[in-house]
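The residues making up each chain are set out below.
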Amino acid sequence: MIRKLSILFAGALMGATAMTVVTQNAGTANAAGSDTYRQLAIFGDVFERVRAQYVDEPDDQKLIETAINGMLTSLDPHSSYMNAKEAADMRTETRGQFGGLGIEVTMEDELVKVVSPFEGTPADKAGVMAGDLIAEIDGEQVRGLTLGEAVEKMKGDIGTSVSLTIIREGATKPVRLTVTRDEIKVPSVRHSVEGDIGYIKLLKFNEQTTIGLEAAVADIKEQVGEDKLKGYILDLRRNPGGLLDEAVSVSDAFLDNGEIVSTRGRNSDETRRYNARTGDEIDGKPLVVLVNGGSASASEIVAGALQDQRRATVVGSRSFGKGSVQTIIPLGANGALRLTTALYYTPSGRSIQGRGIDPDIGVEQPLPKEIREQMGLDTGDEIVRGESSLRGHITGNEEDDQGSGSLDYVPPEKKDDLQMQYAIDLLNGVKTNAMFPPKQEANAAN
């Protein structure tokens with residue numbers, strides 16, 4: 001019997017996101033009815049009672065921010081309010097450079113939850129893992145802190161250290177780690193050459209991703225030679241997402257025509273379709289895309305577009321299943337509103353919300369024995385993570401009992417990476433599969 005251990009997570013700031021930014025508030029809300037105004041009056045009465053009679057004098061700004069966030073988080077796990085500092089941090093992150101320990105985090109059950117440590121950062125080197133719950137920072141309880149306050153405590157001068165007490169799924173006791181702070185410059189693109197195959201890893205989708213991708217392709221062509229290149233591997237595993245425009249641009253780099261994605265809001269006139277322009281950066285060479293349970297949102301847009309357009313073969317395990325788009329609406333000096341405004345659909349009309357992208361070729365990557373033992377997992381235990389497990393998530397129209405997501409583990413050594421080795425074997429002709437190369441005549445949408 002398999003016991004499923006659900007690891008829940010939602011992206012913070014840039015995590016697990018397909019995000020757009022507007023320069024001003026878009027749309028006009030319907031006029032509120034009299035009942036709504038009566039409820040707002042009740043809120044005002046409660047606010048004044050708290051200010052006047054609470055045992056300690058409260059912070060008015062904190063009360064209001066918490067109330068706004070409570071309203072937004074009741075809608076879905078990805079809508080939230082950002083104060084001025086948090087909005088500035090978000091803008092810094094979309095530029096691809098920030099300070100700290102090198103982790104994507106969110107808040108769950110009053111604890112800081114690690115969405116993903118960035119590869120090669122202090123947190124990654126210290127052993128912080130996706131799904132970890134940070135209970136204490138330098139000996140201080142996280143409970144009672146906002147996400148912003150907890151993040152602030154983890155920031156500091158380069159070279160200084162911070163101690164973390166971590167609750168890890170399946171572990172029998174808390175894990176205590178000391179992490180030395182450093183300036184975090186996480187490149188959004190990494191690449192290498194594996195024989196006659198180009199390997200491109202996208203870490204997230206920020207303003208530098210398409211530029212980095214183009215540079216990676218050019219360098220691979222120069223190293224191997226276009227005549228010798230057998231194809232490319234595009235690794236989207238553990239990529240939590242980012243900017244919608246960058247996801248479209250990355251998809252366009254591999255497509256010569258056809259639809260990439262459509263976004264559909266509350267009203268039919270809000271539907272937007274994004275199409276590829278002429279020109280394929282890799283000149284029609286074979287392409288394998290790797291996904292797993294850590295591939296979310298913008299990553300799923302790319303994988304879904306290349307899969308539906310029969311441009312690539314998708315290998316790995318079912319993706320996270322976040323099919324919603326968040327719009328960042330600036331509120332001037334008061335910060336910004338992060339609001340779910342649309343769902344996105346692949347070229348064939350699939351919604352991956354709560355379902356995820358199913359690979360063309362399923363290849364599972366098991367957890368190593370030592371990690372399973374550290375987490376206290378039995379042989380039959382299965383770790384599942386995905387949008388469908390998030391409390392309050394928007395139910396997708398193709399979501400089923402199986403839900404979305406899968407394990408997001410990627411081995412540090414390439415020789416142990418079964419999914420990557422399978423992709424290499426496909427491109428080298430060592431392995432054959434009816435799904436590779438994809439049949440172009442079955443093109444889904446042009």
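What counts, and where the lines are drawn
Residues numbered from 1 in each chain as written. Predicted model: local features only at pLDDT ≥ 70, side-chain atom pairs only at ≥ 80, totals over all residues. Heavy atoms only, no water. Pairing = 2+ DSSP bridges. Helix = DSSP H or I, 4+ residues; strand = E, 2+ residues; numbered from the N terminus. Axes fitted to C-alpha atoms, helices over the stretch in contact; angles between N-to-C directions. Parallel < 35°, antiparallel > 145°, perpendicular 65-115°, else oblique. Left-handed = near helix turned anticlockwise from the far one by under 90°. Contact = heavy atoms within 4.5 Å. Nonpolar A, V, L, I, M, F, W, Y, C, P; charged D, E, K, R; others polar. Phe/Tyr/Trp six-rings, centres within 6.5 Å; stacked < 30°, edge-to-face > 60°. Lys NZ or Arg CZ within 6 Å of the ring centre and 35° of its normal. pLDDT = per-residue confidence, 0-100. Core = buried A, V, L, I, M, F, W, Y, C linked by side-chain atoms within 4.5 Å. Buried < 20%, exposed > 50% of the residue type's maximum accessible area, 1.4 Å probe, protein only. Polar contact = N/O pair within 3.5 Å; in protein donor to acceptor, adjacent residues only side chain to side chain. 1 Å grid on protein atoms, 1.4 Å probe; cavity = no way out; pocket = protein on both sides within 12 Å on 5 of 7 lines; lining within 4 Å. Points joined across faces, edges and corners; volume = space filled by probe spheres on them.

Participant: It is not clear to me how the sheet that holds strand β18 (residues 287–291) should be interpreted in this structure. Could you clarify?
Facilitator: For sheets, the rule is that strands pair by backbone hydrogen bonds, running either parallel or antiparallel. In spatial order, the strands read β12-β13-β14-β18-β19-β22; together these 6 strands make up an open sheet with mixed pairing. Looking along the sheet, the strands with just one partner apiece sit at the ends: β12 (189–194) and β22 (361–362). Bridge analysis of β12 against strand β13 (residues 197–202) gives 6 bridges, and the strand direction is antiparallel. Considered in β13, the bridge of E194 is made with I197.

Participant: Can you walk me through the packing of helix α7 (residues 244–254) against helix α8 (residues 298–308) in this structure?
Facilitator: The geometry of a pair of packed helices is captured by two quantities: the angle between their axes and the separation between those axes. In the contact formed by α7 and α8, the axes pass within 9 Å of each other and the chain directions differ by 25°. Considered as vectors, α7 and α8 are oriented roughly parallel to each other. Between α7 and α8 lies a crossing whose hand is right-handed. Here α7 contributes L244, A247, V250, S251 and F254 to the contact with α8, which in turn contributes A298, I301, V302, A305 and L306. Split into classes, the residues belonging to the contact of α7 with α8 amount to 9 nonpolar, 1 polar and no charged.

Participant: Would you explain the packing of aromatic side chains in this entry?
Facilitator: The relative placement of two aromatic rings is captured by the distance of their centres and the angle of their planes. Within this structure, the stated rule accounts for 1 aromatic pair. Geometry around Y345 places R264 over its ring, the cationic atom sitting 3.9 Å from the centre.

Participant: Honestly, the environment of N397 in this entry has me stumped. Any pointers?
Facilitator: Along the chain, N397 falls in the loop between β23 (382–384) and α10 (418–428). C-alpha separation for the pair N397 and P187, spaced 210 residues apart in sequence, amounts to 35 Å. Apart from residues lying up to four places away in sequence, N397 is in contact with Y345 and S351.

Participant: Even after reading the chapter, I still don't get the confidence of the model for the chain, so can you show me in this structure?
Facilitator: Any region with low pLDDT has predicted coordinates that should not be read closely. Per-residue confidence for the chain gives a mean pLDDT of 89; residues scoring 70 or more make up 91%. Here residues 1–15 is modelled with pLDDT under 50, and outside its nearest four sequence neighbours on either side it reaches 71 contacts, counting other chains as well.

Participant: It is not clear to me how the nonpolar core should be interpreted in this structure. Could you clarify?
Facilitator: Formed by 42 residues in total, the largest nonpolar core has its most connected members in I200, L234, L236, F254, L287, V289 and L306. Contributions of two or more residues to this core are made by β13, α6 (209–224), β14 (231–235), α7, β16 (259–264), β18, α8 and β21 (336–345). The contacts of L234, once residues within four sequence positions are left out, are I200, L202, F254, L287, V288, V289, L290, V302 and L306. Counting 22 residues, the second largest nonpolar core, distinct from the first, contains V142, L145, A150 and V162.

Participant: Before we go on, may I ask you to explain α10 in this structure?
Facilitator: Residues spaced three or four apart along an α-helix face the same direction, because each turn holds 3.6 residues. For α10, every residue scored as buried is listed here: Q419, M420, Y422, A423, I424, L426 and L427. Tucked inside the fold, the buried residues of α10 contact β12, β13, β14, β18, β19 (313–316) and β22. The backbone nitrogen of Q419 has a side-chain oxygen 3.3 Å away, supplied by the residue at the start of α10, namely D417. Phi turns positive one or two residues past the end of α10, at G429, with a value near 80°.

Participant: Please clarify how empty space enclosed by the protein should be interpreted in this entry.
Facilitator: Once rolled over the atoms, a probe with the size of a water molecule shows which space is left empty. Under the defined criterion, the tally for this structure stands at 2 cavities of 30 Å³ or more. As a volume, the largest cavity reaches approximately 100 Å³. Forming the boundary of the largest cavity are S116, P117, F118, E119, K201, L203, R237, R238 and P240. When grouped by side-chain class, the residues that make up the lining of the largest cavity number 4 nonpolar, 1 polar and 4 charged.

Participant: Looking at this structure, how should I read the packing of α6 against α7?
Facilitator: At a closest axis distance of 9 Å, the pairing of α6 and α7 adopts a crossing angle of 25°. Between α6 and α7, the crossing angle belongs to the class labelled roughly parallel. Where α6 crosses over α7, the two elements pack in a sense that is right-handed. Contacts between α6 and α7 involve T209, T210 and L213 from the first element and E246, S249, V250, A253 and F254 from the second. Looking at side-chain class alone, the contact of α6 with α7 contains 4 nonpolar, 3 polar and 1 charged residues.

Participant: Can you help me understand the pairing of strand β6 (residues 111–117) in this one?
Facilitator: The side chains of a regular strand alternate, first on one face of the sheet and then on the other. Where burial is concerned, most of β6 is hidden: 7 out of the 7 residues are buried. Connecting the antiparallel pair strand β5 (residues 103–108) and β6 is a turn made up of 2 residues, with D109 showing a positive phi of about 50°. Relative to strand β7 (residues 133–137), β6 is paired through 2 bridges, and the arrangement is antiparallel. Residue pairing across strands places K113 opposite L133, the latter belonging to β7.

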